[in-house]
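So the chains spell out like this:
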Amino acid sequence: MTEVEVKKTQESLQDRLAQVIELLQRQRVVEDLTHRQEGPHHDRVENLVHRQNLVELQRKLDDLHSADVAYILEALPLDDRLTLWQLVKADRDGDILLEVSDSVRETLIADMDDHELLAAAKEMDADELADLAPELPRDVVHELMEALDGQQRERVRSALSYDDDQVGALMDFEMVTIREDVSLEVVLRYLRRLKELPGHTDKLFVVDYEGILKGVLPIKRLLVNDPEKKVADLMASDTVSFHPDEDAYEAAQAFERYDLISAPVVDKNGKLIGRLTIDEIVDLIREESETEVLNMAGLREEEDIFASVWRSLHNRWAWLAINLITAFIASRVIGLFEGSIEKLVALAALMPIVAGIGGNSGNQTITMIVRAMALDQVSTANSSRLLRKELAVGLINGLVWGGVIGVVAYLLYGSWSLGVVMTAAMTLNLLLAALMGVLIPMTLARLGRDPAMGASVMITAMTDSGGFFIFLGLATIFLL
C-alpha cells in the first residue's frame, strides 16, 4: 500500500468516526426532544426514531473492517462505546475483541454475558483463544475448554503455558505440511482440496512421518517449477526456525533481519508444533513500542483514554509522587543559594535554561540507549566505549551551545564573568546528562527492570537538581 493510499484510508476512517459520533449525538438530541413532547403517540414516535438511528448506525458498522470498528470503539467515551458495541453483530464480536486494546477490551467484556462470550470465543482459533482466555471469567473459560475437541484443547493449553514474551505464546497452529518425497503436482492437487490457505502462507512446511521439520517449500517455487519435480529437490533445508521458549522480541528482530512472513516453531526434538506469522510480530512490535513510550513517562500500564478518574489516578500517581519528591529536592538546592540569587537577580532568569537544556540532552541520550538495548546492540564489551562517546557528545554540545548562551548572557547583562559561568555550567550539566542518560537504563536493566521505566522522569530530576546546583554554585564562587 502506497503512502497516498494509507493517507486516504486514514482519512476515510476519520470521516467514518466523525459520522458515527454525529449519529450518536443526533440520537441523543432527537430522543431528548421527543421525550419532552407529550401526546397520545409519544412512545411510538420515540421508539420509531430510536430504531431509525440504531439501524443507520448498524449499517455504518457493517461496512467497516473489524480493525476499523475497534479503532472507533477506542475513540468513544464509555457510554457511546457500549451503545455501539450492542449494535455489532454477534459473529464479529470475537474479531473485534482481538483488535481492541487491552484496556478497552476489559470494558467490552464486562458488558457481555456468559452466553455472548462463549459465542464469540467459539469462532476463534486456538492461538486467538489463548490471547483472550486470561481476560475471560473462569467459568466461561472452563465451559469453553469443555466444548473444544481434544486437539484444540491441547493447543490452547500449550499456548497458555508460555509467558507473553515467549514465542510459544504467539505461535499459530494453522499451517500446511507436506512430505519431501512427493511431486509438486501432488502438492498442488492437495492444496486445491483445501477450502482456503491459512493467512500469511508464503511457504509450506516439509515434515517426515514423525512430524520432524525437514525444510520449507516457498509458494513461489511451487508455482514456477515443473510439476513433475520432487519437493526434496526444491525445498530449502536451511530455514530460520524458532523454539517456543525463545524470547519473542529476538524472534521479531529475526523477522526484520531476514524479511520473513512466516517461520516454523519446533520443539527440542525438531518436531514442527506451530508457526510465527508477520501479523503477530507486527502486533508485538507495536505493543512493545507503546509500552516503552508509556514506561518512559512513568505510566505503569496502557490506559483507556476514557477510563474512570480513579483508574487514571491509580495508573499515574506513583511516578508523580517520585517527581514531586525530586522537584522538592531541586527547590531545596535553589534554597541553598537564596542569598546569591538576591544579590544577582540575573541568576534566577538564567538557571532554568541550564536545567532545561540538560534535561533535553539527557532524554536524547536515554532514548538512544533504550533503543540500542532493545536491539541488543549494547553489551558489557562496548558499554564503556558508548559512555565515552556520549560524554564526548555532551562536552562538545556544552562548549558550543554553552558558548552561545554565554554570549547572550553577556549581551543582556554586560558581564563577561557571568557569560563564562553560564558556559561552564551548561557544559558540566550536559556531561552529567550524558552520564546519567547511559547509567540509568543500564542500571535498570541490571536490576531486571524495564530500562525505559520512568527513565525520562529520573533524568529530568537529575539534570534539574544538578543544573541548579552547578550553575548557582559556580556563580556563588566566581561572581559573588
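Rules used throughout
- Residues numbered from 1 in each chain as written.
- Predicted model: local features only at pLDDT ≥ 70, side-chain atom pairs only at ≥ 80, totals over all residues.
- Heavy atoms only, no water.
- UniProt positions renumbered as here; feature names shortened; annotations may be inferred.
- Buried < 20%, exposed > 50% of the residue type's maximum accessible area, 1.4 Å probe, protein only.
- Helix = DSSP H or I, 4+ residues; strand = E, 2+ residues; numbered from the N terminus.
- Pairing = 2+ DSSP bridges.
- Arc of directions from axis to C-beta.
- Contact = heavy atoms within 4.5 Å.
- Core = buried A, V, L, I, M, F, W, Y, C linked by side-chain atoms within 4.5 Å.
- pLDDT = per-residue confidence, 0-100.
- Phe/Tyr/Trp six-rings, centres within 6.5 Å; stacked < 30°, edge-to-face > 60°.
- Lys NZ or Arg CZ within 6 Å of the ring centre and 35° of its normal.
- Axes fitted to C-alpha atoms, helices over the stretch in contact; angles between N-to-C directions.
- Parallel < 35°, antiparallel > 145°, perpendicular 65-115°, else oblique.
- Left-handed = near helix turned anticlockwise from the far one by under 90°.

In the nomenclature of an unreviewed UniProt entry, the protein chain corresponds to Magnesium transporter MgtE from the organism Pseudomonas quebecensis. Regarding the protein chain, the relevant UniProt record gives this comment under Function (unreviewed entry): "Acts as a magnesium transporter." The UniProt entry for the protein chain carries the following comment under Subunit (unreviewed entry): "Homodimer."

A. A look at the pairing of strand β5 (residues 272-277). Taken across its six residues, β5 has five buried, putting it largely inside the fold. Both strand β4 (residues 262-266) and β5 contribute to a ladder of five bridges, which runs antiparallel. Residue pairing for β5: A263 is matched across the bridge by L276. As consecutive antiparallel partners, β4 and β5 are separated by five residues, and within that stretch G270 has a phi angle of approximately 85°, a positive value.

B. Layout of helix α9 (residues 138-147). Residues of α9 that are buried include every one of V140, L144 and M145, and no others. Each buried residue of α9 sits inside an arc of 130° when the element is viewed along its axis, so together they form one side. Every exposed residue of α9 that faces more than 90 degrees away from the buried side is listed here: R138, H142 and E146. Buried residues in α9 make contact with α7 (114-121), α8 (126-132) and α10 (150-160).

C. The arrangement of the nonpolar core in detail. L57, L84, W85, I96, F242 and L276 are the most contacted members of the largest nonpolar core, which totals 56 residues. Here this core takes five residues from helix α14 (residues 248-258), the largest share from any one element. In this structure L57 touches V20, L23, L24, Q27, L84 and L87, once residues within four positions along its chain are discounted. In terms of nonpolar packing, the next biggest core, distinct from the first, is built from 24 residues, F337, I405, A425 and F468 among them.

D. Representation of the environment of D114 within the structure. Within the fold, D114 resides in helix α7. Take D114: its relative accessible area is 34%, and that puts it in the partly exposed class. Here the alpha-carbon distance between D114 and R51, two residues 63 residues apart in the chain, equals 26 Å.

E. Layout of unusual backbone geometry. Its identity as a non-glycine residue notwithstanding, H200 has a phi of 60°, on the positive side. Inspection of the secondary structure assignment puts H200 in the loop between α11 (184-193) and β2 (203-207). On the basis of relative accessible area, H200 is assigned to the partly exposed category, the value being 39%.

F. Layout of the UniProt feature "domain: CBS" (unreviewed entry) in the protein chain. Residues annotated in UniProt with the feature "domain: CBS" (unreviewed entry) correspond here to residues 171-234 and 235-291. Secondary structure across residues 235-291 divides into 44% helix and 19% strand, with the first and last C-alpha atoms of the span separated by 39 Å.

G. Representation of the confidence of the model for the protein chain. With 90% of its residues at a pLDDT of 70 or more, the protein chain has an overall mean of 85. Long-range and interchain partners of residues 4-9, a stretch whose pLDDT sits below 50, account for two contacts in this model, where long-range means more than four residues apart.

H. Seen up close, the packing of aromatic side chains. For the coordinates displayed, the defined rule picks out three aromatic pairs. Summarising the aromatic geometry, the rings of F242 and F255 are spaced 6.1 Å apart at their centres and angled 20° between planes, so their arrangement reads as stacked. With F242 in the loop between α13 (231-234) and α14 and F255 in helix α14, this pair connects stretches of sequence that are 13 residues apart. In this pair, the class of F242 matches that of F255, namely buried. The ring of Y209 is capped by R179, whose NZ or CZ atom sits 4.6 Å from the centre of that ring.

I. Representation of the packing of α7 against α9 in the model. Viewed as axis vectors pointing N to C, α7 and α9 meet at an angle of 45°, and their least axial separation amounts to 10 Å. One finds that α7 runs oblique with respect to α9. As α7 runs across α9, the sense of the crossing is right-handed. Contacts from D114, L117, L118 and A121 in α7 reach D139, V140, E143 and L144 in α9.

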